[in-house]
Amino acid sequence: MTMHNIEILAFKGCLPALTLYNSLLELLEQDPSRFTVRLDIVPAPRQAKKMGMHGSPTILVNQREYQIKRRGPASFY
């Protein structure tokens, strides 16, 4: 079984990112060997592009973006 690394990139105050992160933490309590999860808060839109963030939240699984097709400039989905 392959361990997946999940990274959530989000602007401060992005409720969907916090909800997702908390839900994943609850799953990890049941089985910590399933995956790892990290939440990174992006401080400003100009830094979003540098970090590869296309929206808030941006979800990376094993360093690959979950939403492969970019739908516009970095902002809230």
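Residues numbered from 1 in each chain as written. Predicted model: local features only at pLDDT ≥ 70, side-chain atom pairs only at ≥ 80, totals over all residues. Heavy atoms only, no water.

Chemist: What is the right way to look at the overall build of the protein chain in this model?
Modeler: Secondary structure summary: the protein chain contains two helices and four strands in total. The N-to-C order of helical and strand elements in the protein chain reads β-α-β-α-β-β. When each of the 77 residues of the protein chain is scored for burial, the buried share is 32%. Across the protein chain, contacts joining residues at least 24 apart in sequence account for 61% of those joining residues at least 6 apart. A total accessible area of about 5500 Å² is found for the protein chain, and carbon and sulfur atoms account for 56% of it. (Helix = DSSP H or I, 4+ residues; strand = E, 2+ residues; numbered from the N terminus. Buried < 20%, exposed > 50% of the residue type's maximum accessible area, 1.4 Å probe, protein only. Contact = heavy atoms within 4.5 Å. Areas by Shrake-Rupley, 256 points an atom, 1.4 Å probe, with all protein chains shown as cover.)

Chemist: Just to check I follow, could you spell out the sheet that holds strand β2 (residues 35-42) for this structure?
Modeler: Within a sheet, neighbouring strands are paired by backbone hydrogen bonds and run either parallel or antiparallel to one another. Judged by pairing direction, the sheet is mixed, and its four strands sit side by side in the order β2-β1-β3-β4 without closing on themselves. The sheet is open, and its two borders are formed by β2 and β4 (64-65), each paired with just one other strand. Note that strand β1 (residues 4-11) and strand β3 (residues 58-61) share four bridges and pair antiparallel. By the bridge assignment, Leu9 is partnered in β3 with Thr58. On the sheet, helix α1 (residues 15-30) packs against β1, β2 and β3 and is oriented at approximately 160° with respect to β2. (Pairing = 2+ DSSP bridges. Axes fitted to C-alpha atoms, helices over the stretch in contact; angles between N-to-C directions.)

Chemist: Would you mind showing me how to read the side chain of Ser56 here?
Modeler: Examined against the element boundaries, Ser56 turns out to sit in the loop between α2 (45-51) and β3. Side-chain polar atoms of Ser56 contact the backbone nitrogen of Phe11, separated by 2.9 Å. (Polar contact = N/O pair within 3.5 Å; in protein donor to acceptor, adjacent residues only side chain to side chain.)

Chemist: Looking at this structure, I do not really get the pairing of β1. What am I missing?
Modeler: On any regular strand, side chains alternate: one points to one face of the sheet, the next to the other face. Counting buried residues along β1, six of its eight residues qualify, which places the element largely inside the surrounding structure. Note that β1 and β2 share eight bridges and pair parallel. If you follow Asn5 over to β2, its bridge partner there is Thr36. On the question of chirality, the crossover connecting β1 to the parallel β2 by way of α1 is right-handed. (Right-handed = clockwise from strand over helix to strand, strands pointing away.)

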